[in-house]
Amino acid sequence: MPLAELLSIHVHPVKALRGQAPREAVVEPWGLAGDRRWALIDDGGKVVTQRQQPRLALAAAELMPGGGVRLSAPGRPSLTVPVPDPAATVSMEIFRDKVEGVLADTAAHAWCSAYLDADVRLVHMDDPATRRPVDPAYALPGETVAFADGYPLLVTTTASLDALNSLVAKGEHAAEGPLPMNRFRPNLVVSGTEAWSEDGWSRLAVGEVEFRVAKPCGRCVVTTTDQDTAARGKEPLHALGRHRRIGSALVFGQNLVPLSRGTIRIGDPVRVTG
């Protein structure tokens, strides 16, 4: 019997920017097709996210045919960025990982730098099959990821968000709630489960596609960033710190690694298979 169903799908073509919510998506070994294949780096080659630049929440990236992206942001004309020629790569750092990427054209750098009022460059991952392995402490041989924080996909559940919002409502920052799911920037949102049931998952099937549950997702300051205003608060980290701490990590959601390819669709049954 189905455990639940897939409520929504989220693809973020550029890491840290707003994404899209398609009705279906192709699952590749390194994540959803087109998800986080682009990222911003600073003049030192380190990845730039909403951790450093909360205003990225207000910028959006739309995936274009062929893998390019259309960028848009308040007060700026939109810009379509083609996939760059992978003849030469640039070294970059995404958290502790050293990765090779391909620089976008100069118009993209100028657009992003002007929006953030900071020197940044837009980078494309040309070959996610080889560029960046998943954390070996939680990976099987050969598993790779694009520019996501650490794992190919993130799944969350509506029941756990409801439970978390109940905790927020009882705390000293109750006025900040209830929080929407977009604070957690998931790829897959599942409905019809019990709250926190995902803690016990080890394998999951969405439609005909199977996933391995790698580890719970540790959360950071990005979750305190209102994705509609870029303003920051205290929640959900205050509530997670009191009620959802595993070691030093404040957790919400589970990181997934695909075990098969295929297409997933809103409404697909979701089953625990291990």
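Residues numbered from 1 in each chain as written. Predicted model: local features only at pLDDT ≥ 70, side-chain atom pairs only at ≥ 80, totals over all residues. Heavy atoms only, no water.

A. Broad picture of the overall build of the chain. A tally of regular secondary structure across the chain gives three helices and 19 strands. Considering only C-alpha atoms, the chain reaches an extent of 50 × 40 × 35 Å along its principal axes. A buried classification covers 50% of the 274 residues belonging to the chain. The contacts of the chain with a sequence gap of at least 6 include a subset with a gap of at least 24, amounting to 69%. By element, 52% of the accessible surface of the chain is carried by carbon and sulfur atoms, the whole surface being about 11,900 Å². Separation between the mean location of the 30 positive side-chain charges and that of the 31 negative ones in the chain comes to 3 Å. (Helix = DSSP H or I, 4+ residues; strand = E, 2+ residues; numbered from the N terminus. Buried < 20%, exposed > 50% of the residue type's maximum accessible area, 1.4 Å probe, protein only. Contact = heavy atoms within 4.5 Å. Areas by Shrake-Rupley, 256 points an atom, 1.4 Å probe, with all protein chains shown as cover. Lys, Arg positive; Asp, Glu negative; His and termini not counted. Charge placed at Lys NZ, Arg CZ, Asp CG, Glu CD.)

B. Representation of the packing of aromatic side chains in the model. Tallied over the entire structure, the rule returns three aromatic pairs. Where Trp111 meets Tyr115, the ring centres are 6.2 Å apart and the plane angle is 25 degrees; that geometry is what we call stacked. Remark: Tyr115 and Trp111 occur in helix 1 (residues 106–116); sequence separation between them is four residues, near one turn of the helix. The burial state of Trp111 is the same as that of Tyr115; both residues are buried. Among the aromatic side chains, those forming a connected cluster through ring pairs are Phe184, Trp196 and Phe252. Residue placement shows Arg55 over the ring face of Tyr115; its charged tip is 4.1 Å from the ring centre. Here the guanidinium or amino end of Arg244 rests over the ring plane of Trp196, the centre of that ring lying 4.0 Å away. (Phe/Tyr/Trp six-rings, centres within 6.5 Å; stacked < 30°, edge-to-face > 60°. Lys NZ or Arg CZ within 6 Å of the ring centre and 35° of its normal.)

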